[in-house]
Amino acid sequence: MASTENPDPETGKSEPLPASTEPLTPPQAPSSASGFLDCRKIDIIIRVLLFSATLTALIVMVTSDQTEMTQLPGAPSPAPVSAEFSDSPAFIYFVVALVVAGFYALISTIISISLLLRPEFAAQFSIYISSFDMVALGILASATGTAGGVAYIALKGNEEIGWNKICNVYDKFCRYIATSLALSLFASLLLLVLSIFSLWKRTAT
């Protein structure tokens, strides 16, 4: 171990070196403010994607109408028959769920931006937002599953109970339905990510 004493050239005696008077600076703790801002920015980005997905799915769904000349039983000649989402209660429920989820995504995005500017209210509103995230997830996921079941019958039919498939005739209608269902499934996954993200933030704090 090195000596901390300095020998005096006149007396030959060693004198202790003066101790450093500079105070030791403790290591800086990472600021929690930057972590809060990063989490809030991620939350806003996901909610913007959620609003875009639900709005696009809604537009695709309500513009899926298709009219084709179809031979009806007992009719002497083919007649124009339209396929619309309003023909099925499951598709109507799906459209309503998209409206609710899209409106909630817009409102929650505005709230998240406000909390980014006023972080002192974040803890007060985060519990309510995470709860509504799970409610919106349940509504949208159930509507997607219900509409998906009807869309599968439209694609494959059911010979046992006499339900004919229609996608071989109304191809555009079925493509639009499938696209809307895919976007709704993506939106449901985003809501699931938001719910898990909110739960992680609450357990981390």
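Residues numbered from 1 in each chain as written. Predicted model: local features only at pLDDT ≥ 70, side-chain atom pairs only at ≥ 80, totals over all residues. Heavy atoms only, no water.

> Hey, could you run me through the packing of aromatic side chains in this one?
Both the distance between ring centres and the angle between the ring planes are used here to describe each pair of aromatic rings. The final tally for this structure, using the stated rule, is two aromatic pairs. The interplanar angle of 70° and the centroid separation of 6.3 Å between the aromatic rings of Phe91 and Phe173 together place this pair among those described as edge-to-face. On the criterion of sequence distance, the pair formed by Phe91 in helix 2 (residues 89-117) and Phe173 in helix 4 (residues 171-204) is long-range, its members being 82 residues apart. Like Phe91, the residue Phe173 is buried in the burial classification. On the numbers, 6.4 Å between centres and 50° between planes, the contact of Tyr104 with Phe132 is tilted. Residue Tyr104 is located in helix 2, and its partner Phe132 is located in helix 3 (residues 122-156); the two are separated by 28 residues in the primary sequence. (Phe/Tyr/Trp six-rings, centres within 6.5 Å; stacked < 30°, edge-to-face > 60°. Helix = DSSP H or I, 4+ residues; strand = E, 2+ residues; numbered from the N terminus. Buried < 20%, exposed > 50% of the residue type's maximum accessible area, 1.4 Å probe, protein only.)

> Teacher, can you tell me more about the UniProt feature "transmembrane region" (unreviewed entry) in the protein chain here?
Under the present numbering, the feature "transmembrane region" (unreviewed entry) in UniProt falls on residues 44-63, 90-117, 129-155 and 175-200. This span, residues 44-63, is 95% helix and 0% strand, and a straight line between its end C-alpha atoms measures 29 Å. The span residues 129-155 carries 100% helix and 0% strand; its end-to-end C-alpha distance comes to 38 Å. (UniProt positions renumbered as here; feature names shortened; annotations may be inferred.)

> I keep staring at a nonpolar patch on the surface and nothing clicks. Help me out?
On the surface, a nonpolar cluster with roughly 800 Å² of combined accessible area is contributed by Ile92, Tyr93, Val96, Val100, Ile127, Tyr128, Phe132, Val135 and Ile139. Contributions of two or more residues to the nonpolar patch are made by helix 2 and helix 3. The dominant element in the nonpolar patch, judged by the number of residues it contributes, is helix 3, at five residues. Along the polypeptide, Ile92 turns up in helix 2. (Patch = residues over 30% accessible without salt bridge, like charges linked within 9 Å, V, L, I, M, F, W, Y side chains within 5 Å. Areas by Shrake-Rupley, 256 points an atom, 1.4 Å probe, with all protein chains shown as cover. Salt bridge = Lys/Arg side-chain N within 4 Å of Asp/Glu carboxyl O.)

> Got a minute to help me understand the environment of Lys41 in this structure?
Structurally, Lys41 can be placed in helix 1 (residues 32-62). The partly exposed category is assigned to Lys41, whose relative accessible area is 46%.

> Please explain the side chain of Thr109 as it appears in this structure.
Relative to the elements of secondary structure, Thr109 occurs in helix 2. For Thr109, the side chain forms a polar contact with the main-chain oxygen of Ala105, separated by 2.6 Å. Once residues within four sequence positions are removed from consideration, Thr109 is found in contact with Arg47 and Val48. (Polar contact = N/O pair within 3.5 Å; in protein donor to acceptor, adjacent residues only side chain to side chain. Contact = heavy atoms within 4.5 Å.)

> So what exactly am I meant to see when it comes to the side chain of Thr54 here?
Locating Thr54 in the fold gives a position in helix 1. Among the polar contacts listed, one links the side chain of Thr54 to the backbone oxygen of Leu50, at a separation of 2.9 Å. When residues no more than four places from it in sequence are discounted, the contact partners of Thr54 are Leu98, Ala101, Gly102, Leu140 and Ala187.

> Would you mind going over the state of the cysteines with me for this structure?
In a disulfide, the sulfur atoms of two cysteines are covalently bonded to one another. Applying the stated criterion across every chain, the model contains one disulfide. At a sulfur-sulfur separation of 2.0 Å, the disulfide partner of Cys167 is Cys174. Judged by the sign of its S-S torsion, about -90°, the bond between Cys167 and Cys174 is left-handed. On the basis of relative accessible area, Cys167 is assigned to the buried category, the value being 13%. We classify Cys174 as buried; its relative accessible area is 13%. (Disulfide = S-S within 2.5 Å.)

> Can you help me understand the pattern of salt bridges in this one?
Where charged atoms from two side chains of opposite charge come close, those side chains can pair. According to the stated counting rule, one finds three salt bridges in the structure shown. In this structure, Asp43 engages Arg47 in a salt bridge whose closest nitrogen and oxygen atoms are separated by 2.9 Å. One end of the pair is Asp43 and the other is Arg47, both in helix 1 and four residues apart, which spans about a single turn. Across this residue pair, the class does not change: Asp43 and Arg47 are buried. Arg175 is paired through a salt bridge with Asp171; the nearest N and O atoms lie 3.7 Å apart. Taken as a pair, Arg175 and Asp171 lie in helix 4 at a separation of four residues, close to a single helical turn. Among the ionic contacts, a cluster of salt bridges with common partners joins Asp43, Arg47 and Asp133.

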